[in-house]
Amino acid sequence: MGMRAGIYAPRLHGGQWVATLVITSSEPREWHSDELALVRSAADLIWLSLRNARLGADLAESQRRLDLALKNSSLVVYTLDRELNCTWIYNPQKDFQPDEVIGRPVEHILPLEDAEQLVALQRSVLETGSSARGEVHGHDREGKLRFFDVPPEPLKSENSEVSGLAVSVMDVSSMRQLEQEILESATQLEIQRQILRH
């Protein structure tokens, strides 16, 4: 026996046809309004489930690409609440593990003298609600001086109040070292020119 009756429930998205749910019966029959409503609801739910699955796959792929891109970078991204406690961290460097950082303020993570600049910068963004950018320095666990570019961004709630911060930290120590070497080379070159003139 073939199909003798059916319901077609087309699904539109953005004014465009994207799918149709078809329910068939091998016997001739009349469909009741509650059955038609149920099929429409089922079509909507199936479409939303498929769309969510696709979005989940897209998100997983984006996460995979981000992980790959940041794998060997010195970029650390984290969020803070209004009390400057870390609420999330991504790509922590070898000096920190997420469980050592989450729920703690920066002054309990870094040595106090290193944390002061960073805390001052982050507090100013919390107070003004405006982005800022600064360079701070600190020491790694081996005591080596490091330089960091830090542009904190305010996180705002639905009513536009600052609820915390999103912070990215880029280690720019090698760039600062290169700048210092260039400056020293330029100074040596100038000394050599002065010697040659006399």
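Up top is the structure.
Residues numbered from 1 in each chain as written. Predicted model: local features only at pLDDT ≥ 70, side-chain atom pairs only at ≥ 80, totals over all residues. Heavy atoms only, no water.

Draft legend 1. Summary view of the overall build of the chain. Of regular secondary structure, the chain possesses 4 helices and 8 strands. For the chain, the succession of helices and strands along the chain, N to C, is β-β-α-β-β-α-α-β-β-β-β-α. For the chain, the C-alpha radius of gyration of 29 Å lies well beyond 16 Å, the compact-globule estimate for 198 residues. By the burial criterion, 25% of the 198 residues in the chain qualify as buried. Contacts spanning at least 24 positions in sequence make up 36% of the contacts within the chain whose residues lie at least 6 apart. (Helix = DSSP H or I, 4+ residues; strand = E, 2+ residues; numbered from the N terminus. Rg over C-alpha atoms; globule rule 2.2 N^0.38 Å. Buried < 20%, exposed > 50% of the residue type's maximum accessible area, 1.4 Å probe, protein only. Contact = heavy atoms within 4.5 Å.)

Draft legend 2. Spatial organisation of the side chain of Asn-91. In this structure, Asn-91 sits in the loop between strand E4 (86-90) and helix H2 (98-101). Look at Asn-91 and you get buried, because its relative accessible area is 16%. A distance of 2.7 Å separates a polar side-chain atom of Asn-91 from the backbone oxygen of Leu-75. Excluding its chain neighbours within four sequence positions, the residues that come into contact with Asn-91 are Leu-70, Ser-73, Leu-75 and Val-76. (Polar contact = N/O pair within 3.5 Å; in protein donor to acceptor, adjacent residues only side chain to side chain.)

Draft legend 3. Representation of the nonpolar core within the structure. Residues Tyr-78, Leu-80, Val-150, Leu-165 and Val-167 are the most contacted members of the largest nonpolar core, which totals 20 residues. Where this core is concerned, the elements lending two or more residues are strand E3 (75-81), E4, helix H3 (112-128) and strand E8 (162-171). If you tally residues by element for this core, the top one is H3, at 6 residues. (Core = buried A, V, L, I, M, F, W, Y, C linked by side-chain atoms within 4.5 Å.)

Draft legend 4. Structural view of helix H1 (residues 33-70). Here H1 spans 55 Å end to end across 38 residues, near enough to the 56 Å set by a 1.5 Å rise per residue. Of all the positions in H1, only Val-39, Ala-43, Trp-47 and Leu-70 are classed as buried. (Expected span 1.5 Å × (residues − 1).)

Draft legend 5. Highlighting the pairing of E8. One ladder, built from 7 bridges, connects E3 with E8; its direction is antiparallel. Looking across to E8, one finds that Val-77 is bridged to Ser-168. Here strand E6 (residues 145-150) runs beside E8; their pairing, made up of 2 bridges, is antiparallel. Bridge pairing in E8 places Phe-148 opposite Asp-171. As judged from the 4 bridges shared by strand E7 (residues 153-156) and E8, these two strands associate in the antiparallel manner. Across the sheet, Glu-153 pairs through a bridge with Ala-166, a residue of E8. Counting the residues in the hairpin turn of E7 and E8 gives 5 residues, including Ser-160, whose phi is positive at 70 degrees. (Pairing = 2+ DSSP bridges.)

Draft legend 6. Examining the packing of aromatic side chains more closely. For the structure on display, the rule yields 1 aromatic pair. Summarising the aromatic geometry, the rings of Trp-88 and Tyr-90 are spaced 6.1 Å apart at their centres and angled 20 degrees between planes, so their arrangement reads as stacked. We classify Trp-88 as partly exposed; its relative accessible area is 41%. The positively charged end of Arg-29 is found above the aromatic ring belonging to Trp-31, 3.9 Å away from the centroid. (Phe/Tyr/Trp six-rings, centres within 6.5 Å; stacked < 30°, edge-to-face > 60°. Lys NZ or Arg CZ within 6 Å of the ring centre and 35° of its normal.)

Draft legend 7. View of a nonpolar patch on the surface. Where nonpolar side chains cluster on the molecular surface, the patch consists of Met-3, Tyr-8 and Val-22 and spans about 310 Å² of accessible area. Along the polypeptide, Tyr-8 turns up in strand E1 (residues 5-13). The exposure class assigned to Tyr-8 is exposed, which follows from its relative accessible area of 53%. (Patch = residues over 30% accessible without salt bridge, like charges linked within 9 Å, V, L, I, M, F, W, Y side chains within 5 Å. Areas by Shrake-Rupley, 256 points an atom, 1.4 Å probe, with all protein chains shown as cover. Salt bridge = Lys/Arg side-chain N within 4 Å of Asp/Glu carboxyl O.)

Draft legend 8. Main features of the side chain of Arg-11. Looking at the secondary structure, you find Arg-11 in strand E1. Classification of Arg-11 by relative accessible area gives buried; the value is 18%. A polar side-chain atom of Arg-11 sits 3.3 Å from a polar atom in the side chain of Asp-44. Once residues within four sequence positions are removed from consideration, Arg-11 is found in contact with Gln-16, Trp-17, Val-18, Ala-19, Ala-43, Asp-44 and Trp-47.

Draft legend 9. Region of the structure containing the pairing of E3. Of all the 7 residues making up E3, 5 are buried; the element is thus mostly covered by neighbouring parts of the structure. Remark: 4 residues form the turn of the hairpin made by E3 and E4, two consecutive strands paired antiparallel; Leu-84 in that turn has positive phi of roughly 65 degrees.

Limitation: the analysis is restricted to geometry and does not speak to function.
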